[in-house]
Amino acid sequence: MRTINYYRVSTAKQGRSGLGLEAQRAAIDAFCSARGCEPLGEYIEVESGKRDDRPELAKALHHAKVTGGTLVIAKLDRLSRNLAFLAALQDAGTKFLAADMPEANELTIHIMAAMAQAERKAISKRTKEALAAAKARGQKLGNPMGAKAFGAYQGNGAAVDAIKAKAKAFAADVMPIIHAIRSEGHTSLRAIASELNSRGIVTARGGRWAAQSVSDVINIASVTNTNDGGE
């Protein structure tokens, strides 16, 4: 398992002295040693727990996302006591484990999913009740033109839009890395692909890079910047 290790201390003094940090590092090192992990990087955050902005967490999530790695934290309370941490993990869709209780990861996600599902059901029930009440009042519901109002291709169009959006998001994640590689003197598509592979970055499908896949990402990013009014 390839890991991105994330540590958090509450104060700058703790960060400088190693208080708290040493215990977290020991816990993660023991976990990785037992699991035979391959650490790809580590990030240390110094924040009080009251702040929502966590730049090192954002970097760690991005690193895990582009490498397909697993984010590892020392203690489960780094997740359960901080909603910002939880929200960031949910939004990023990142795989993560807590060294002190690795089995709790799936349980936590399942509980969250169950709560979200229950809320969706409640919303659906309230919507149906509101529609039934409107119908009982004699209000006409629905589109008078039926399915023709949308066109037979609507479903396929939505799927294509979703695929394009995913490709754009992936290109936005990878382009900063490609720019950094170029700045180091690797300018050909083949050389960029080689550097991406050597750094553990995976393609959108989780595979290895080739010159063509690099070109595809650059072209997607270029079209996106043009449409957004960029250069």
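Use the structure listed above.
The rules behind these values
Residues numbered from 1 in each chain as written. Predicted model: local features only at pLDDT ≥ 70, side-chain atom pairs only at ≥ 80, totals over all residues. Heavy atoms only, no water. Phe/Tyr/Trp six-rings, centres within 6.5 Å; stacked < 30°, edge-to-face > 60°. Helix = DSSP H or I, 4+ residues; strand = E, 2+ residues; numbered from the N terminus. Buried < 20%, exposed > 50% of the residue type's maximum accessible area, 1.4 Å probe, protein only. Lys NZ or Arg CZ within 6 Å of the ring centre and 35° of its normal. Pairing = 2+ DSSP bridges. Axes fitted to C-alpha atoms, helices over the stretch in contact; angles between N-to-C directions. Contact = heavy atoms within 4.5 Å.

Provide a residue-level description of the packing of aromatic side chains, including the pertinent values.
Inspection of every chain in the model, using the stated rule, returns one aromatic pair. Ring centres of F170 and W209 lie 6.0 Å apart, and the angle between their planes is 15°; on these two criteria the pair is classed as stacked. Of the two residues, F170 is situated in helix α7 (residues 154-183) and W209 in the loop between α8 (189-198) and α9 (211-227); the sequence distance between them amounts to 39 residues. W209 matches F170 in its accessibility class, with the two residues each being buried. For the cation-ring pair, R25 lies above Y7, with the distance from its terminal atom to the ring centre recorded as 4.9 Å.

Please set out the sheet that holds strand β1 (residues 2-9) residue by residue, giving values where relevant.
Within the open sheet, the four strands sit side by side as β2-β1-β3-β4. Their pairing is parallel. Only two strands of the sheet have a single neighbouring strand rather than two, namely β2 (38-46) and β4 (96-98). Direction aside, neighbouring strands of the sheet carry axes that sit 25° apart on average. Taken together, the four bridges between β1 and strand β3 (residues 70-73) define a ladder with parallel strand orientation. Residue pairing in the sheet places N5 in a bridge with V72 of β3. Set on the sheet, helix α2 (residues 21-35) makes contact with β1, β2, β3 and β4; between it and β1 the angle comes to about 165°. Here helix α3 (residues 55-67) sits on the sheet in contact with β1, β2 and β3, set at roughly 165° to β2.

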